[in-house]
Amino acid sequence: MTVVSYLIYLSIAVPLTIWVARTLSRNGRIFLVDVFHGNDDFADAVNRLLVVGFYLVNLGFVTLFLRSGSTVVDARGVIEQLSVKLGIVMVVLGVLHLMNVWIFNAIRRRSRLEEMTSPPVPPNNHVVVGAY
């Protein structure tokens, strides 16, 4: 039963990770384009790098978390072990997602602040005195 629980865990956790990564990539692109001031190429490159990092961290965590300290002997044990393992994987996925959003929102906020503090027209080193 322990091997069965491993197989069920992997058959749920891996597709879940892939689905979350694709959803974040597709919906996060708009946010990244805004963060990087409409630079689509840069936003797409960052988005791809984030997806690769997401896969590496999450699939690494899923495989490291595969091991169980106890032997599963019945269906109840399988369900209990799966609920704990999948619940922890989903919490980790959520925390990583929130960290990414927080970081990019901070970048976006700083970028907006820089836009608001720069003059609308660059200075031209001319001072008009007594124009009226």
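Everything discussed here concerns the structure shown above.
None of these values were measured; they are calculated from a predicted model.

(A) Region of interest: helix H1 (residues 2-35). Compared with an ideal rise of 1.5 Å per residue, which puts 34 residues at 50 Å, H1 spans 46 Å between its outermost C-alpha atoms and is within 8% of the ideal. When the local axis directions of H1 are compared, the greatest deviation, roughly 40 degrees, occurs at Gly28. Note on H1: the residue one or two positions beyond its end, His37, has a positive phi of about 55 degrees.

(B) Structural context of the nonpolar core. Counting residues in each nonpolar core, the largest one holds 13 residues, and the members touching the most others are Tyr9, Ala13, Val20, Phe54, Val62, Val89 and Leu93. Counting only elements with at least two residues in this core, the list comes to H1, helix H2 (40-64) and helix H3 (75-117). Counting residues in each nonpolar core, the second largest holds seven residues, with Val33, Val35, Val46 and Phe104 among its members.

(C) Structural context of the pattern of salt bridges. Applying the stated criterion across every chain yields a total of three salt bridges. A salt bridge links Asp44 to Arg29, with the nearest nitrogen and oxygen atoms 2.6 Å apart. Of the two residues, Asp44 is situated in helix H2 and Arg29 in helix H1; the sequence distance between them amounts to 15 residues. Under the relative-accessibility criterion, Arg29 is labelled partly exposed at 29%. Here Glu80 ties to Arg76 by a salt bridge, and the two come within 2.8 Å at their closest N and O atoms. Taken together, the residues Glu80 and Arg76, both in helix H3 and four residues apart, mark about one turn of the helix.

(D) View of H2. Between its first and last C-alpha atoms H2 spans 36 Å; for 25 residues at 1.5 Å apiece the expected length is 36 Å, and the two agree. Within H2, burial applies to Ala43, Asp44, Val46, Asn47, Val51, Phe54, Asn58 and Val62.

(E) Just the layout of surface pockets, in detail. Estimates place the volume of the largest pocket at around 270 Å³. Taken together, 15 residues line the largest pocket, and the ones lying closest to its centre are Leu24, Gly28, Leu50, His97 and Asn100. Elements with a minimum of two residues in the lining of the largest pocket: H1, H2 and H3. Of all the elements, H1 adds the most residues to the lining of the largest pocket, at seven residues.

(F) Looking closely at a nonpolar patch on the surface. On the surface, Val91, Val95, Met99, Trp102 and Ile103 cluster together into a nonpolar patch covering about 520 Å² of accessible area. Among the secondary structure elements, Trp102 is positioned in helix H3.

Rules used in this analysis
Residues numbered from 1 in each chain as written. Predicted model: local features only at pLDDT ≥ 70, side-chain atom pairs only at ≥ 80, totals over all residues. Heavy atoms only, no water. Helix = DSSP H or I, 4+ residues; strand = E, 2+ residues; numbered from the N terminus. Expected span 1.5 Å × (residues − 1). Bend = angle between axes of the 7 residues up to and from the residue. Core = buried A, V, L, I, M, F, W, Y, C linked by side-chain atoms within 4.5 Å. Buried < 20%, exposed > 50% of the residue type's maximum accessible area, 1.4 Å probe, protein only. Salt bridge = Lys/Arg side-chain N within 4 Å of Asp/Glu carboxyl O. 1 Å grid on protein atoms, 1.4 Å probe; cavity = no way out; pocket = protein on both sides within 12 Å on 5 of 7 lines; lining within 4 Å. Points joined across faces, edges and corners; volume = space filled by probe spheres on them. Patch = residues over 30% accessible without salt bridge, like charges linked within 9 Å, V, L, I, M, F, W, Y side chains within 5 Å. Areas by Shrake-Rupley, 256 points an atom, 1.4 Å probe, with all protein chains shown as cover.

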